[in-house]
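Overview (structure and organization)
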Amino acid sequence: MTDNAAQIKGVSFRYANGEEGALNGIDLEIRQGECLLLCGGSGCGKTTVTRLLNGLIPHYFEGDMQGEVTVLGKDIRKTSIEELAGSVGSVFQNPRSQFFCVDTTSEIAFGCENLGLPEEEILTRIEKTAKDMDIEKLLGRSIFNLSGGEKQKIACASTAAMLPQLIVLDEPTSNLDLDSIEELKKILLMWKKQGKTIVIAEHRLGWIDGVCDRVLFMQQGSVKEEFSASDFFALTTAQLNGRGLRAVHIQTNYLETKTGMTSLIDFEQRGTIRLENFHYTYADQDAIRIDTLEIPQGSVTAVVGHNGAGKSTLIKCLCGLQKGFKGSTVIGGKRFKPKQMLTLSYMVMQDVNHQLFTDTVLDEVLLSAGSCSEEKAIGLLERLDIAQFRKRHPMSLSGGQKQRTAIASALAADKKLLVFDEPTSGLDYAGMESTAKLIRSLGCDVTVLIVTHDMELIRRCCTHVLHIENGNI
């Protein structure tokens, strides 16, 4: 029996709608029982490798493929996704993209049902998986009422219940707070103890220290460097940044600060945006309970809090996107109702796929641009380092490139209040740096709110931090 769980030999791949190759003659062996980290800038080929391993390439994503891929002794060209499903599990960047049911127990059972397992066996697996992962309290819950971290746990549980030998994770922490990341780390360590093979494509790197065994640094569709885990995590921040990678060690955890509004720099007051009667309830559960809150105009305010704290509900209410919300916003002495705030604000959503509508990146920016000229739109794309993709279809881009497209659209709209919900989720170091630089350059004419778990982004561009827990300031 081979010691390799998977082997990729001389593989080149170009997506059907892509101008350049996503992979260029890559050779890779994945050993049984190891945890392998794939890292590199956006578009380097990490996600494409994960799609080779779970069979999405070539059976779902079309393109020109050369070379051989063997996974658990099976040739992926000759093995359907259905045949691989019982032995290769996947956890995606956005867990919602892999949910098929409306309640958590059914979701965990779904994969097992598709494998044709007997009902008694499925129930046994659900019970054992929930116990192993300490998520019994999440059983029987509505998928729609879960926090981001809880959704990721259910995605992991639905994968684990099928008892796969190889588990592939693509940017699994992009929308998680630090506590949820620690919970995910415990799950991976449990899988390692069970002898499973794990492959992770990731930009946020520090949390994987102590989990992964080997690290591959990718660039332009090829493996450029290979490290042992100890050698990789010994690299300095400068050495990591030089490769376009995020820092490993977080310098400041703003979730450890007291709740409330904190100024990070000396800030010249230019008036405030005053939120009044921001109360909202889901069913019988309070989501936010804020009587009054003043946000400095011209500030860049990070909205932080643990998953489920009420951050996303707050900004949806502020932008007039939450049905049934009755609060109001006072700007320059004038009171605005929620519907009126729709014309004054622009929000970049956490799941950027929901707001990409056109056939090209440039058209996407111009769609919301108002008086913005094509020249200005291209200038924004250049500043975000995606001008070279302006003729590409937005849905053909990597996750980080899609995010930057949406951010360019927000800036082109020329609104006075810009709200970003996790704008750097899925972004590499260069993308995060360029996003922070662009936000810093907006100046005092625009007020920015950023819901984020990205401590590096906060340190680089935010003037204030608003810490919310349990719906309260």
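Above: the structure in question.
This report concerns the structure included in the present document.

Cut-offs applied
Residues numbered from 1 in each chain as written. Predicted model: local features only at pLDDT ≥ 70, side-chain atom pairs only at ≥ 80, totals over all residues. Heavy atoms only, no water. Helix = DSSP H or I, 4+ residues; strand = E, 2+ residues; numbered from the N terminus. Contact = heavy atoms within 4.5 Å. Salt bridge = Lys/Arg side-chain N within 4 Å of Asp/Glu carboxyl O. Buried < 20%, exposed > 50% of the residue type's maximum accessible area, 1.4 Å probe, protein only. Pairing = 2+ DSSP bridges. Axes fitted to C-alpha atoms, helices over the stretch in contact; angles between N-to-C directions. Phe/Tyr/Trp six-rings, centres within 6.5 Å; stacked < 30°, edge-to-face > 60°. Lys NZ or Arg CZ within 6 Å of the ring centre and 35° of its normal. Core = buried A, V, L, I, M, F, W, Y, C linked by side-chain atoms within 4.5 Å. Expected span 1.5 Å × (residues − 1).

Turning next to the environment of Tyr 60. Mapped onto the fold, Tyr 60 is located in the loop between helix H2 (56–59) and strand S4 (63–71). Between the C-alpha atom of Tyr 60 and that of Met 341, which follows or precedes it by 281 residues, the distance is 41 Å. Once residues lying within four places of it in the same chain are set aside, the contact partners of Tyr 60 are Gly 55 and Ile 81.

Turning our attention to the pattern of salt bridges. By the definition in use, this model includes 18 salt bridges. Its salt-bridge partner being Arg 214, residue Glu 34 comes within 2.6 Å of it at the nearest N-O pair. Here Glu 34 is found in the loop between strand S2 (23–31) and strand S3 (35–39), whereas its partner Arg 214 is found in strand S9 (residues 214–219), with 180 residues between them in sequence. On the basis of relative accessibility, which here comes to 6%, the residue Arg 214 falls in the buried class. Between Glu 226 and Arg 214 there is a salt bridge, with its nearest N and O atoms 3.2 Å apart.

What follows concerns the pairing of strand S8 (residues 197–201). Most of S8 is tucked away, with five of its five residues classed as buried. Residues Thr 197, Val 199 and Ala 201 point to one face of S8 and Ile 198 and Ile 200 to the other, with burial holding for every one of them. Where S3 lies against S8, four bridges are found, and the strand directions are parallel. Along S8, the bridge assignment pairs Leu 38 with Ala 201. Of the strand pairs in this sheet, strand S7 (residues 166–170) and S8 are connected by five bridges, and their pairing is parallel. Pairing of Val 168 across the sheet is with Val 199, part of S8.

All right, on to the sheet that holds S8 then. Strand order in the open sheet made by the six strands is S6-S7-S8-S3-S9-S10, with mixed pairing throughout. The open sheet has two free edges, formed respectively by strand S6 (88–91) and strand S10 (222–228), since each of these has just one partner strand. Between one strand and the next, the sheet's axes are offset by a mean angle of 20 degrees, whatever the strand orientation.

This paragraph deals with the packing of aromatic side chains. Following the criterion strictly, the structure yields eight aromatic pairs and no others. Between Tyr 280 and Tyr 282 the ring centres are 5.2 Å apart and the planes differ by 75 degrees, which places this aromatic pair in the edge-to-face class. Tyr 280 gets classed as buried once you look at its relative accessible area, which sits at 14%. Members of the aromatic cluster, joined through ring pairs, are Phe 13, Tyr 15, Tyr 60 and Phe 61. Seen from the ring of Phe 61, Arg 51 lies directly overhead, with NZ or CZ sitting 3.9 Å from the centre.

Quick look at the pairing of strand S18 (residues 417–421) now. Across the five residues that make up S18, a large majority, five, are buried. Here five bridges tie S18 to strand S19 (residues 447–451), and the two strands are oriented parallel to one another. From the neighbouring strand, Leu 417 faces S19, where its bridge partner is Thr 447.

Further remarks concern the sheet that holds strand S15 (residues 328–331). Spatially, S13-S12-S15-S16 is the arrangement adopted by the four strands of the open sheet, whose pairing is antiparallel. This sheet does not close on itself; its edge strands, each paired only once, are strand S13 (285–296) and strand S16 (334–336). Strand after strand, the sheet turns through a mean of 15 degrees between neighbouring axes, direction not considered. This element, helix H10 (residues 311–318), spans strand S12 (272–282), S13 and S15 of the sheet and lies at about 120 degrees to S12.

Our focus in this paragraph is the nonpolar core. Trp 191, Phe 232, Phe 420 and Ile 450 are the most contacted members of the largest nonpolar core, which has 96 residues in total. Beyond its immediate sequence surroundings of up to four residues, Trp 191 is in contact with Cys 156, Ala 160, Ile 167, Leu 169, Lys 196 and Ile 198. Counting 29 residues, the second largest nonpolar core, distinct from the first, contains Ile 8, Ile 26, Ile 30 and Leu 53.

Counted at 1.5 Å a residue, the expected span for helix H6 (residues 148–160) with its 13 residues is 18 Å, and the 18 Å between its end C-alpha atoms agrees. Within H6, 10 of the 13 residues are buried, leaving the element largely enclosed by the surrounding structure. Those residues of H6 that fall on the buried side of the exposure criterion are Gly 149, Lys 151, Gln 152, Ile 154, Ala 155, Cys 156, Ala 157, Ser 158, Thr 159 and Ala 160. Buried residues along H6 sit in contact with S6, helix H4 (104–114), helix H5 (119–132), S7 and helix H7 (178–193).

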